[in-house]
Every structure is written in structure tokens, then in C-alpha cells.
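Breakdown of the fold
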Amino acid sequence: MKPITLTALLGATYYCSAATIPATLERDELLPKRIPTSYESAVMGRRILALTPLGTIATIFPKDSNDKRRPPDVGGMPHSLMEYISDCENDDKGNPTLLAITISTTFRNIAAGSNVSLAVQWTPPHPPAKRIQRSSSSWCLTNQLRSFFGLSSSSSSSDSEEYDPAPYSAANLPRFSLLGHIERIALDDDQAATAAAISTCYTKTHPDARYWLPGNRIHTSYFVRLVVDRIYWVGGFGDRAFIGWIPVEEWNKVSRQEWESIRLPGEKKGWKEWSLDDGNNDL
Ligand SMILES: *[C@@H]1O[C@H](CO)[C@@H](O)[C@H](O)[C@H]1NC(C)=O
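This one's a predicted model, so the numbers in the text were calculated from it and none came from an experiment.

Here we come to the overall build of the protein. Within the protein, the regular secondary structure consists of eight helices and seven strands. Across the 283 residues of the protein, 24% fall into the buried class. Put simply, of all contacts in the protein between residues at least 6 apart along the chain, 74% involve residues at least 24 apart.

In this section: unusual backbone geometry. The backbone phi angle of aspartate 92 is positive, close to 60 degrees, even though this residue is not glycine. Within the secondary structure layout, aspartate 92 lies in the loop between β2 (78-84) and β3 (97-101). With 16 C-beta atoms packed within 10 Å, aspartate 92 lands in the partly exposed category.

With that out of the way, let us pick up the site of the ligand. Looking at the ligand, the residues that line it are Gly113, Asn115, His181 and Asp229. For the shell around the ligand, the residue count by class is no nonpolar, three polar and one charged.

Bridge count between strand β4 (residues 116-121) and strand β5 (residues 175-184): six bridges; the pairing is antiparallel. Paired with valine 116 across the strands is glycine 180, a residue of β5. One ladder, built from 10 bridges, connects β5 with strand β6 (residues 221-234); its direction is antiparallel. Paired with leucine 178 across the two strands is isoleucine 231, which belongs to β6.

A few words on the pairing of strand β1 (residues 54-60). Inspection of the sheet shows β1 paired to β2 by seven bridges, in the antiparallel sense. When the sheet's bridge partners are listed, threonine 56 is paired in β2 with methionine 82. Two strands pair when backbone bridges link them, and β1 and β4 are joined in this way by three bridges, in the antiparallel orientation. When the bridges of β4 are listed, isoleucine 57 appears paired with leucine 118.

What follows concerns the environment of tryptophan 122. Note that tryptophan 122 resides in the loop between β4 and α5 (137-148). For tryptophan 122, a count of 23 C-beta atoms within 10 Å corresponds to the buried category. For tryptophan 122, the residues in contact, after removing those within four places along its chain, are Ile48, Leu173, Pro174, Arg175 and Leu264.

What follows covers helix α3 (residues 38-51). Side chains three or four residues apart in an α-helix point the same way, a direct result of the helix having 3.6 residues per turn. Here α3 is 14 residues long and its end C-alpha atoms lie 20 Å apart, about the 20 Å a rise of 1.5 Å per residue gives. α3 sits mainly inside the fold: 10 of its 14 residues count as buried. Of the surrounding secondary structure, the elements contacted by the buried residues of α3 are β4, β5, β6, β7 (243-246), α7 (248-253) and α8 (256-260).

A few words on the environment of alanine 197. Mapped onto the elements, alanine 197 comes out in helix α6 (residues 191-205). Owing to 14 C-beta atoms within 10 Å, alanine 197 belongs among the partly exposed residues under this scheme. Each C-alpha atom, one on alanine 197 and one on cysteine 88, is 8.3 Å from the other, the two residues being 109 residues apart in sequence.

By the element assignment, leucine 49 lies in helix α3. Taking the C-alpha atoms as reference, leucine 49 lies 7.6 Å from proline 96; in sequence the two are 47 residues apart. If we ignore the near neighbours within four places in the chain, the residues touching leucine 49 are Asp87, Gly94, Pro96 and Val120.

Overall, the prediction assigns the protein a mean pLDDT of 82, with 74% of residues at 70 or greater. Every residue in residues 1-27 is under pLDDT 50, and counting partners more than four places away or in other chains gives 25 contacts.

Rules of the game
- Residues numbered from 1 in each chain as written.
- Predicted model: local features only at pLDDT ≥ 70, side-chain atom pairs only at ≥ 80, totals over all residues.
- Helix = DSSP H or I, 4+ residues; strand = E, 2+ residues; numbered from the N terminus.
- Buried ≥ 20, exposed ≤ 12 C-beta atoms within 10 Å, placed from the backbone.
- Contact = placed C-beta atoms within 7 Å.
- Near = placed C-beta within 6 Å.
- Nonpolar A, V, L, I, M, F, W, Y, C, P; charged D, E, K, R; others polar.
- Pairing = 2+ DSSP bridges.
- Expected span 1.5 Å × (residues − 1).
- pLDDT = per-residue confidence, 0-100.

See below:
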């Protein structure tokens with residue numbers, strides 16, 4: 001193993017810093033024109049909900065449980081896990097559709113009376129064409145150490161791109177939590193038709209879920225809606241985005257036509273991170 005000298009690391013740090021000096025942003029790109037309203041944020045949120053397949057759902061462990069495997073002191077503690085989400089109901093209210101698996105901890109907590117909070121974040125499909133680069137030396141140091149220890153692929157194969165675990169500034173992108181309760185989707189008179197329509201919509205987003213749809217032989221499952229009671233929204237940096245509670249009436253009022261007519265940051269290639277006027281957002 002090669003000894004790591006201080007000079008080598010300092011040199012590496014200097015090189016990294018020098019190589020990643022932020023691209024100069026034009027000043028007017030950084031100045032907010034107008035902060036979106038809560039309603040405009042609701043339109044973005046409804047589009048994010050429609051385009052995003054995964055969320056993180058939080059429930060509360062019940063105080064008492066006869067589950068012998070459960071640690072005794074988790075009653076009242078929050079519990080968050082990744083959950084498949086979809087937007088499959090026709091009423092256009094923005095209540096996410098979930099597939100409840102009865103043995104999962106999340107749905108056991110719900111069966112015991114827990115309310116829920118579902119966190120959803122916007123993940124742009126394309127990395128920005130122009131972004132604020134890392135100027136911190138810590139990432140460079142980490143990478144330099146990795147290559148010293150033979151962990152980095154970049155030293156051996158020049159054509160492999162550096163793995164970037166966050167190729168955009170997530171802090172400046174919208175995310176929200178939907179607070180509410182879970183309701184089983186009633187399959188009324190039109191039972192077969194409704195069940196088929198929801199399954200078709202759900203498996204369009206989650207093809208693998210066809211193995212655990214209602215009626216499968218492994219797990220008991222059924223479709224539920226998260227009835228949204230409250231919405232907490234963080235649109236990005238506070239100098240340009242709305243941060244706060246979106247009234248539920250606004251969330252429910254947004255129509256499909258409205259959320260279909262806008263574009264979110266990074267939906268199109270060539271977007272500029274941190275830019276307020278990249279032509280990608282119609283709001
Ligand atoms: C769930 O939330 C509602 C408010 O929307 C509240 O009235 C109710 O007590 C909550 N249930 C539990 C079990 O905390």
C-alpha cells in the first residue's frame with residue numbers, strides 16, 4: 001500500500017478545489033422574481049405526486065402490542081420506511097393510492113390506529129447542465145483516500161464516470177409531506193371494474209407489484225387511499241420557494257389539466273440549477 005503523505009493529500013485538495021471552482025452564475029439568475037403562492041406550490045406538488053413512484057411513510061408504533069418480537073419500548077416511536085406510491089383515483093383530489101400488505105409493520109401500526117405522514121421528494125430525471133459545483137475539499141479528500149486504498153474506479157478506468165450520489169442540489173428542489181389517515185378503497189357495486197382499474201394503474205407505475213396484488217397467494221393485501229388532511233411543503237430555498245402549510249382545499253382543488261400543464265425543474269434536459277429563469281417552469 002502506498003503511504004499517504006500530507007503533501008499528496010494537500011496537493012490533491014488543492015487540485016480538487018481548483019478544479020471545482022463554482023461556475024459564475026449571472027447575478028440576475030440568483031435574484032428571485034416572485035415566490036410562488038401556496039396554490040402554485042400545490043400544482044407542483046400534485047405533479048410530483050403523479051410522477052413519483054416512491055415515498056417514505058411514517059407511522060407511530062402503538063403503545064401496547066402483543067407482538068413478542070417487538071422491543072418493548074418502541075410504543076409511541078415514529079417508524080419511517082420506503083413505500084410504493086401511485087396516483088390512481090379518478091376523483092382528482094390528490095390522495096395517494098397505496099397497496100397495503102397486512103403483515104408489514106407500517107400497516108400493522110395503521111391497523112392499530114396510527115395516522116401517517118408520507119414524505120415525497122422531487123427527483124429530476126436529468127442532472128442539471130449547469131450547477132453549483134462542490135467547493136468543499138472534504139469530498140475530494142474522501143475520493144483521494146478512496147483511490148489511495150484502491151477503492152476508486154476512476155484511477156483504473158478513465159472512461160468510467162465518477163459516481164455522484166447527489167448529482168443536483170436537492171435542498172433547492174421541492175419536497176413535501178402529506179399528513180393524513182388511511183382508508184380502505186371501497187369496491188362498491190362496480191367491484192371488479194374498480195379493482196381492475198386500480199390494479200392496472202398501480203402496476204403501470206410498479207410492474208413488480210403484480211406479484212402481491214390483492215388475491216395473491218403469499219400475502220394478504222388491499223388497496224388503500226391516504227386521505228390527505230394536511231400538507232407541509234418545502235419548495236426549495238426560502239428566497240425563491242414557498243415553505244409552509246398548503247391548505248388542503250387547495251391541494252384537493254388542483255385539476256389534472258393544471259398539473260399536466262406545468263414542468264418541474266429538471267424534467268427537460270439542459271436545465272440550470274439554481275436558476276430562476278430557465279424556461280422549464282411555467283409557474
Ligand atoms: C389522527 O389525526 C387526527 C387529526 O387529523 C386526530 O384527531 C386523531 O386523534 C389522530 N389519531 C391518533 C391515533 O393520533
